[in-house]
Amino acid sequence: MSAGNDAAHNANKQLRRILIIAYGRAADADSRVATTLLERLRERTISDSWWLTLIEDDALRLEHALDLQPNDLAIFIDTQLHGKAPFEFTEITGEGEAPILPVADAVIPGDVLHALTTLSRKRTLPNSFRLTLPMPSEESTGDIAPGVDASITSAVDFLENLLGDTSDEHWRSETND
């Protein structure tokens, strides 16, 4: 494709604001997965785009609803013990609920979406997805296990492809539902 055609092709794409939140318990293996995945994604040129926000945290919190508010699409990235390799990518369809405040630090993505509807007059939520990477059963304080490292590499390649086409149809076609 020539440069002129490429520019015309990109001009027809809809620019959408995207939030990616990777979270995992601090000092645990899942935190190292979140950190490594976002570091590798930042190394790719697409992560320098104004429309893409990358957040890393040790837990998903209700306050992330404020981060989610200005976006059109969102991806929540976490790990799951004995999850499917290399990763699972699913759409979040439930609205969640209001968690009891003393345990508000232990929320799921649907709870954050619910908080956004409560905080905002905006009734249309961003289409949201969950990317889950597998974790080995043993806890490790050292390097990331080779199998998990391969899953991170696959997930970064997948995200780069996903971010190349931000249409709802493309994202939904990539889910493993």
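1. Comments concerning the nonpolar core
Counting 29 residues, the largest nonpolar core has Ile-20, Leu-37, Ile-77, Leu-131, Leu-133 and Trp-171 as its most contacted members. Take this core: its biggest share by element is eight residues, from helix α5 (residues 146-163). If near-sequence neighbours (up to four positions away) are discounted, Trp-171 is found in contact with Ile-18, Leu-73, Ala-74, Ile-75, Phe-89, Phe-129, Leu-162, Leu-163, Asp-165 and Thr-166. Membership of the second largest hydrophobic core comes to 15 residues, among which are Ile-55, Ala-65, Leu-68 and Ala-115.

2. Brief notes about the pairing of strand β3 (residues 73-81)
Among the nine residues that make up β3, seven are buried, leaving the element largely enclosed by the rest of the structure. Here five bridges tie strand β1 (residues 18-23) to β3, and the two strands are oriented parallel to one another. Looking at the pairing, Ile-21 lines up with Phe-76 of β3. Strand direction decides the pairing type here: β3 and strand β5 (residues 127-135), joined by nine bridges, are parallel. Each residue of the ladder has a partner; that of Leu-73, found in β5, is Asn-127.

3. Side note on helix α4 (residues 109-119)
In terms of residue burial, α4 counts as a mostly covered element, since eight of its eleven residues are buried. Turning to α4, its buried residues number three or more, namely Pro-109, Gly-110, Asp-111, Val-112, Leu-113, Ala-115, Leu-116 and Thr-117. Lining the buried residues of α4 we find β1, α3 (64-68), β3 and β5.

4. Some points on the packing of aromatic side chains
Applying the stated criterion across every chain yields a total of five aromatic pairs. On the numbers, 5.1 Å between centres and 10 degrees between planes, the contact of Phe-89 with Phe-129 is stacked. Taken together, the positions of Phe-89 in strand β4 (residues 88-91) and Phe-129 in strand β5 put the pair 40 residues apart, joining distant regions of the chain. Its relative accessible area of 0% is what places Phe-89 among the buried residues. Pairing Phe-89 with Trp-171 gives two aromatic rings, centres 6.5 Å apart and planes at 65 degrees, and the pair type is edge-to-face. In this pair, Phe-89 is assigned in strand β4 and Trp-171 in helix α6 (residues 168-173), connecting sequence segments 82 residues apart. Exposure remark for Trp-171: the relative accessible area of 0% places this residue in the buried category. Each residue in the set Phe-87, Phe-89, Phe-129, Phe-158 and Trp-171 is aromatic and connected to the rest through ring pairs, giving one cluster.

5. Let's talk about the sheet that holds β4
The sheet built from five strands is open, its strands ordered β2-β1-β3-β5-β4 with mixed pairing. In this open sheet, the two strands that pair with only one neighbour each are β2 (52-57) and β4. Direction aside, the axes of adjacent strands within the sheet are offset by 20 degrees on average. Running at roughly 160 degrees to β5, α5 makes contact with β1, β2, β3, β4 and β5 of the sheet.

So, how was this worked out
- Residue positions are counted from 1 within each chain, in the order its sequence is given.
- Restriction of local features to residues with pLDDT of at least 70 applies here, the model being predicted, together with a cutoff of 80 or more for giving and counting side-chain atom pairs; totals for whole chains, interfaces and linings are based on all residues.
- Based on all heavy atoms of the structure, the side-chain values leave hydrogens and waters out of the count.
- Residues belong to a common nonpolar core when they are buried Ala, Val, Leu, Ile, Met, Phe, Trp, Tyr or Cys residues joined through side-chain atoms within 4.5 Å.
- Note on classification: 1.4 Å probe, protein chains only; a residue is buried when its accessible area is under 20% of the maximum for its type, exposed when over 50%, partly exposed between these limits.
- Where helices and strands are cited, they refer to DSSP runs of H or I of at least four residues and of E of at least two residues respectively, numbered from the N terminus.
- A contact between two residues is defined here by any heavy atoms of the two lying within 4.5 Å.
- Any two strands are treated as partners once DSSP identifies two or more bridges connecting them.
- Classification of ring pairs uses Phe, Tyr and Trp, with its six-membered ring standing for Trp, and accepts pairs whose centres are within 6.5 Å; under 30 degrees between planes counts as stacked, over 60 as edge-to-face, and the remaining range as tilted.
- Axis lines are fitted through C-alpha atoms, for helices just across the contact stretch, and the angle between N-to-C directions can take any value from 0 to 180 degrees.

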